[in-house]
Every structure is written in structure tokens, then in C-alpha cells.
Amino acid sequence: MDDFLKVQYFDELFNIFSSQKDGWYAFYADYPHQKVHWSQEMVDFLGLPSRVMDNDEALSLYISFIHPDDRDGYVSAAQKMLKGEVDELNYAYRIKNAKGEYSTVATYSKYRRDKEGNPEFYAGTVINYEKNDLIEPTTGLYTVKQMMESMNEFDVTKKHYYLMLFSIRDFTSVNNKYGYITGNRVLRKVADIALIYKNGAQVFRLEGTKFAILKSFEPGDKSIETYGVEEFHQIKDQISKGIYIEDKKILIDIYGGAVYTDELGIDPNTVYTSALYALSGAKENAGSEQLNVFNRTRLVENQKKLSVYNEIRESVMDGCRGFYLVYQPIISKKTGKLIAMEALLRWYGEDFGEIYPDSFIGWLEKDPNFYSLGTWIFKHALEDAKDIIKVIPDFIVNINLAYPQLERDDFEEQLLKCVKESGVSPHNIRLELTERCRLLDKKLLKNRMEYIKGLGIQTSIDDFGTGYSAINLLFDLPTSQVKIDKTFIDNIKNEEPKRILLKAITDCARCIGAHVCVEGIENKEIADFISDNFNVTSLQGYYYSKPIPLDEFKEKMHKWM
């Protein structure tokens, strides 16, 4: 092929290749003619003087564009290729673009020699990470999009796989102390460490400070059950020695969660959500140094959970198939009559039977599809309450609200839309903030509650007295009710500290105008004891009724009225 035809040929290849992916710049070096040919996209990106340059001039100019901190590493990698130690160059670095700004890129290229070993041809692409959603620019690792593609590929090719996630604990303090530029360099160092100890796996950068390690296994390969633990501790131990950025030693710690598939057909999104769930468990267990493996213990039981979760997730995507609501009455302490009901979620699957939300809701909250389920609950509960409101005009339906709903940017808009479409008056609605809602940013949570209050909807702090609950919530958040958790009143007649604390909570709540509902009332004796000794407003529990379907609730209403 003569030089003219060669240029035309590669120009056409450049055009085809560059049109496929934005931010991918092709080049090739023709060693017999000592010429380097750049694609037009490459010329425009770097501000190169010409599309065709002499080899030495092109190499010298290109290296001069590379960030000084990355230049030696690039040259060293290129020299290994030129010496024949490797036949390719795959290297990430920063380079100055035509605007004079540094962009993170990577070269992926191949080097060919003739039969005598003389250099013949060198071609590849430079990928601009900042224009590519498959590559994360700070670390040079693949993104969650590419991770999901790999997991889907494993699913199609019928391979089992192991997914480990780890995250940096309290990374905000690093950014606050050293600045974001140094923080990003720390993330790059963490990525490098993960690549060293990946043991044949792929490494990804996810949102925030989360990283992922993904490895496939053939069906029947038992090593999947032991993989990941040693790799996690190797990464953790190396990081704990300190991350050195110039003359600074930065101390950080990581925590990790993992999941692996022992059967085929588990949706990759379910696996990813399960890994996030395991990771959140590790974060909350701050004293643990271990990798929190989703199905490391009680393997059969947990693998069944993964199958259940997969089915539940598919049910949400299929119009919330299999989900239904049951209702538990809330009784006025003053009149002993029905004043409200709480909507509670259930799910039934043909292969699994009835599953209570305690088994899956914490996991499902990690999934992007949870919002669809939350909206379904809200709409159905309001629709179910309409007939009862006609009989009891001041009747209130309590509906649980989870943090994935509150933290969405369009929460307020969607809430208002649902209320208007339902035709139910806001004063007949009370939204219960589940325990994990209190993990949200306090300012955001307060603003959301003030918006809800502004609509005329009441709010309730659920499970008060457990977990993350604290007295100062009553002063920080504009709530109209607190619900005392059942575990808080268990054996309260024989435990003076519980009695003292409950009295403090109820007196405090009533002083600021908040109602108090006590859950877990299981018999007349405890109902009378709570009513006689504490400043409460309402009672809820099996003494009055277990949660029941709407039709049964309507049939029994008369005995509570």
C-alpha cells in the first residue's frame, strides 16, 4: 500500500472509530516511514500542529504535554514496550489539552514488530476519561456502568461471581484537612492498592468513596466461597500503613461488604443491592475489622434470601406484584375509640409464601426501585382510607416514609401531586419517619418535615426510644407525634429506668405539643398501666388487633368505635 492510500485508509478508520465513542482519539505510528498519524479529534483535543508528524517530534511534543507528576511513569511504561518487555501500553495519566487544562486520559495501544524484531507498527487510542461514562476520571478505574455490564455478561455466560465493595470511613475529614486535590490523589492511591491485590478480579470506582472488586467463577468452583476475605484484608492492611502524598502521611481506614452467587438467574441489580446492604452493615458496625460477607455464614439460608430479594425486586418492577397492605388500629387513650390506623406492607410470593418487611425493607431501601414501591404504598393507603374517613371525618391513616423517598430532589413535588390526586384531605394523613430517616442530614430532614407540616400533613417519629432516637429530636424536628417502640415498654412494670425515661419522654413531648402513641400493647394489664401512669395520647398493639386486611378492618371497626 503506497503512502497516499495508507493515509486515506487510516483516515477512514479514524472517522469510523471516532464516531462510535465520544472522547476516544485514535493514532498510529508508521515506523518504516518514521511518521505518526493523529486523528482529527486528537489534534483538536491537544492542539497539535498537524495530523502527520515526524516520529521523534511527535513523541517529544506529546511527552511535554503530560503532567510533570505523571511523566516519568508514562516514559517508563513506554520504554518497557520499546525494549520488547511488553507488546502494549495501557497507562492512565494527565495531559494538558488545547485549553491549557489538564485532563485525565489513558493510552490503550499495541506495538508490532516484523519477523526480524524491528519496530513496524504502533496503534491505539487515547481515552478522555472526562468524556467517557465507562471510566472514572479521578482513579482511572471503570465505573459502575461498566461493572453492571460485566455482571450481566457473567449472567448471560452462566458464570457465578463474587462482588466485594469497600469504602473509606469518614473521608470528609481528609478533604476538610488537606483539600479536595489531595483527597483525589488519596483516592488514586487507594485504587492503585486495590489493583495490586485484586487477585485476578476487575476493580471499579463507584459513587463517593466506594470501590468494587468483581471476579467470575465457573459453576462448581468452591474457591468462590473463600475468595475476597484475604484480598480485603491485604488492601485494608496496606492502606492502614498510611497513604503518602508528597511529604504527608494520611491515615484512613476502610470497611467492606460482599456477596457471591451460588446459583444462576439472580439479577445483577439484586446482587449489587445486596452488596450495598452488606457494606452498610459493615459501616454501622464500626468496631468490626472483618469483611461483612452477605452469605458467608448460614450459606443455604442466605442464598435463599438472595433468591427472595431477587423475586421481590422483580415484583417491584412488575407494578409491585405480590405486595399488599394490612392495617392496625390506633386507639385513643382518652375515649378508647378508633382514631387512626397504620398501613403496613406485606409481600407474598408463590415460591416463598408471605414475607414480612423486616426481612427485606432494609435491603430494598438500597435499591433505586424502592421509590416506586414507596409511591405505591402511599397511593394505595390513601385510597383504602377513603371509606373510613366518610364514617369518621377526623380519622388518620399513618403511612411509613423511608429515607430514599425523603432524600430525592423531587420529593416535595411528588408528595403534593399524590395528595392532590388522591382527593384525601392532608389533615387525614400522618407520615411516619422510619428509624433510618434520622441518618439524613439534619437540615434536609428538618426542611422536609416543615414542608410536610406546611401542607397540613402530620408527621410522626417512629420507633422512638430505640436505635438512633434521642430526646433532642423532639426539639430539632417539627413533629406532631412520637411513637414509643414495643421493645421500650417490654417488662416496663418491673424496670424503673424504663418508667423514668418514658415519663420524661411523654411529658417532654406533650409540653411541646406533640402527641405520644405507645406501640406493642399486648394485653389489658399493660394498656391500663400505660394509660394510668403516663401522659400518652394513643395506644396500638395486638390487644386491639393484629395488622389485618382492609375488608376485615372495616368489618371490625364497629367494636373500636
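Keep in mind that what you see is a predicted model, and the values were worked out from it rather than measured. (Residues numbered from 1 in each chain as written. Predicted model: local features only at pLDDT ≥ 70, side-chain atom pairs only at ≥ 80, totals over all residues. Heavy atoms only, no water.)

### Concerning the overall build of the chain
For step 1, the next point in the chain: When its secondary structure is counted, the chain shows 20 helices and 22 strands.
For step 2, the next point in the chain: Taking all 561 residues of the chain together, 50% fall into the buried category.
For step 3, the next point in the chain: When contacts within the chain are restricted to residue pairs at least 6 apart in sequence, those whose partners lie at least 24 apart make up 64%.
For step 4, the next point in the chain: Accessible surface, the chain as shown: approximately 26900 Å² in total, 50% of it carbon and sulfur. (Helix = DSSP H or I, 4+ residues; strand = E, 2+ residues; numbered from the N terminus. Buried < 20%, exposed > 50% of the residue type's maximum accessible area, 1.4 Å probe, protein only. Contact = heavy atoms within 4.5 Å. Areas by Shrake-Rupley, 256 points an atom, 1.4 Å probe, with all protein chains shown as cover.)

### Re the packing of helix α12 (residues 370-391) against helix α20 (residues 550-560)
For step 1, the next point in the chain: One way to put it is that α12 packs onto α20 with a least axis distance of 10 Å and a crossing angle of 10 degrees. Here α12 lies roughly parallel to α20, going by the angle between them. On α20, the residues touching D384, D387, I388 and V391 of α12 are L550, F553, K554 and M557.
For step 2, the next point in the chain: Split into classes, the residues belonging to the contact of α12 with α20 amount to five nonpolar, no polar and three charged. (Axes fitted to C-alpha atoms, helices over the stretch in contact; angles between N-to-C directions. Parallel < 35°, antiparallel > 145°, perpendicular 65-115°, else oblique. Nonpolar A, V, L, I, M, F, W, Y, C, P; charged D, E, K, R; others polar.)

### Some words on α12
For step 1, the next point in the chain: Under the 1.5 Å per step criterion, the end-to-end length of α12 is 33 Å for 22 residues, consistent within 8% with the ideal 32 Å.
For step 2, the next point in the chain: Of all the bends in α12, the largest measures some 35 degrees and sits at A385. (Expected span 1.5 Å × (residues − 1). Bend = angle between axes of the 7 residues up to and from the residue.)

### A few points about helix α19 (residues 524-533)
For step 1, the next point in the chain: Within the span of α19, buried status applies to I526, A527, F529, I530 and S531.
For step 2, the next point in the chain: Those residues of α19 hidden inside the fold are in contact with α17 (486-489), α18 (496-511), β21 (515-518) and β22 (538-539).
For step 3, the next point in the chain: Measuring from the backbone nitrogen of E525 back to the side-chain oxygen at the start of α19 gives 3.2 Å, which picks out N523 as the cap. (Polar contact = N/O pair within 3.5 Å; in protein donor to acceptor, adjacent residues only side chain to side chain.)

### Let's talk about the nonpolar core
For step 1, the next point in the chain: Core analysis: the largest hydrophobic core is formed by 99 residues, its most contacted members being M147, L163, F323, L373, I489, I530 and F553.
For step 2, the next point in the chain: Discounting residues that sit within four places of it in the chain, F553 has contacts with Y327, Q328, P329, L338, M341, I388, F395, I548 and W560.
For step 3, the next point in the chain: By size, the runner-up hydrophobic cluster in this structure holds 33 residues, among which are F171, L187, A194 and I250. (Core = buried A, V, L, I, M, F, W, Y, C linked by side-chain atoms within 4.5 Å.)

### Considering the side chain of S480
For step 1, the next point in the chain: Its location among the elements puts S480 in the loop between α16 (472-476) and β20 (481-484).
For step 2, the next point in the chain: S480 sits in the buried class, given a relative accessible area of 18%.
For step 3, the next point in the chain: Engagement of the side chain of S480 in a polar contact is seen with the backbone oxygen of T459, the distance being 2.7 Å.

### A closer look at empty space enclosed by the protein
For step 1, the next point in the chain: Overall, the coordinates contain two cavities of 30 Å³ or more when judged by the stated rule.
For step 2, the next point in the chain: If you go around the largest cavity, the residues you meet are Y371, G374, T375, F378, I399, N400, L401, Q405, F411, Q414, L415 and C418.
For step 3, the next point in the chain: Listed by contribution, the elements that provide at least two residues to the lining of the largest cavity are α12, β17 (396-401) and α14 (411-422).
For step 4, the next point in the chain: Of the residues assigned to the lining of the largest cavity, the class counts are seven nonpolar, five polar and no charged.
For step 5, the next point in the chain: As a volume, the second largest cavity reaches approximately 40 Å³. (1 Å grid on protein atoms, 1.4 Å probe; cavity = no way out; pocket = protein on both sides within 12 Å on 5 of 7 lines; lining within 4 Å. Points joined across faces, edges and corners; volume = space filled by probe spheres on them.)

### Overview of unusual backbone geometry
Apart from glycine, the bulk of residues carry a negative phi angle, and the bulk of peptide bonds sit in the trans form.
For step 1, the next point in the chain: Within the chain, Q34 stands out as a residue other than glycine whose phi angle is a positive 55 degrees.
For step 2, the next point in the chain: With respect to the element layout, Q34 can be found in the loop between β1 (24-30) and β2 (35-38).
For step 3, the next point in the chain: Overall, Q34 belongs to the partly exposed group, its relative accessible area being 37%.

### With respect to the packing of aromatic side chains
The description of an aromatic ring pair uses the distance of the two centres, along with the angle that the planes make with each other.
For step 1, the next point in the chain: With the rule as written, the count across this model stands at 19 aromatic pairs.
For step 2, the next point in the chain: When the centroid spacing of 6.1 Å and the interplanar angle of 45 degrees are considered together, the rings of Y62 and Y74 count as tilted. Taken together, the residues span a long stretch of sequence, with Y62 in helix α3 (residues 55-65) and Y74 in helix α4 (residues 68-82) at a distance of twelve residues.
For step 3, the next point in the chain: Among the residues examined, Y62 registers a relative accessible area of 4% and is labelled buried.
For step 4, the next point in the chain: Note on Y74: relative accessible area 7%, which makes it buried.
For step 5, the next point in the chain: Consider the rings of F529 and F534, whose centres lie 6.1 Å apart with planes at 65 degrees: the pair is edge-to-face. As far as the burial class goes, F529 and F534 line up, both buried.
For step 6, the next point in the chain: Clustering of aromatic rings is evident, with ring pairs tying together F27, Y31, W38, Y62, Y74, Y93, Y111 and Y122.
For step 7, the next point in the chain: Positioned above the aromatic ring of F211, the side-chain terminus of R205 is 6.0 Å from the ring centre.
For step 8, the next point in the chain: R408 extends its terminal NZ or CZ atom over the ring of Y371, reaching a point 3.6 Å from the ring centre. (Phe/Tyr/Trp six-rings, centres within 6.5 Å; stacked < 30°, edge-to-face > 60°. Lys NZ or Arg CZ within 6 Å of the ring centre and 35° of its normal.)

### Here we look at the sheet that holds strand β7 (residues 160-168)
For step 1, the next point in the chain: Reading across the sheet, the five strands line up as β8-β9-β7-β12-β13 and stay open at both edges, with mixed pairing between neighbours. This sheet does not close on itself; its edge strands, each paired only once, are β8 (202-205) and β13 (292-293).
For step 2, the next point in the chain: The sheet contact formed by strand β12 (residues 254-260) and β13 spans two bridges and is parallel. In the strand pairing of β13, A258 is matched with V293. (Pairing = 2+ DSSP bridges.)

### A closer look at the confidence of the model for the chain
For step 1, the next point in the chain: Put simply, the chain has an average pLDDT of 84, and 90% of its residues get 70 or more.
For step 2, the next point in the chain: Between residues 296-300, whose pLDDT stays under 50, and residues either more than four places distant or in other chains, the model counts six contacts. (pLDDT = per-residue confidence, 0-100.)

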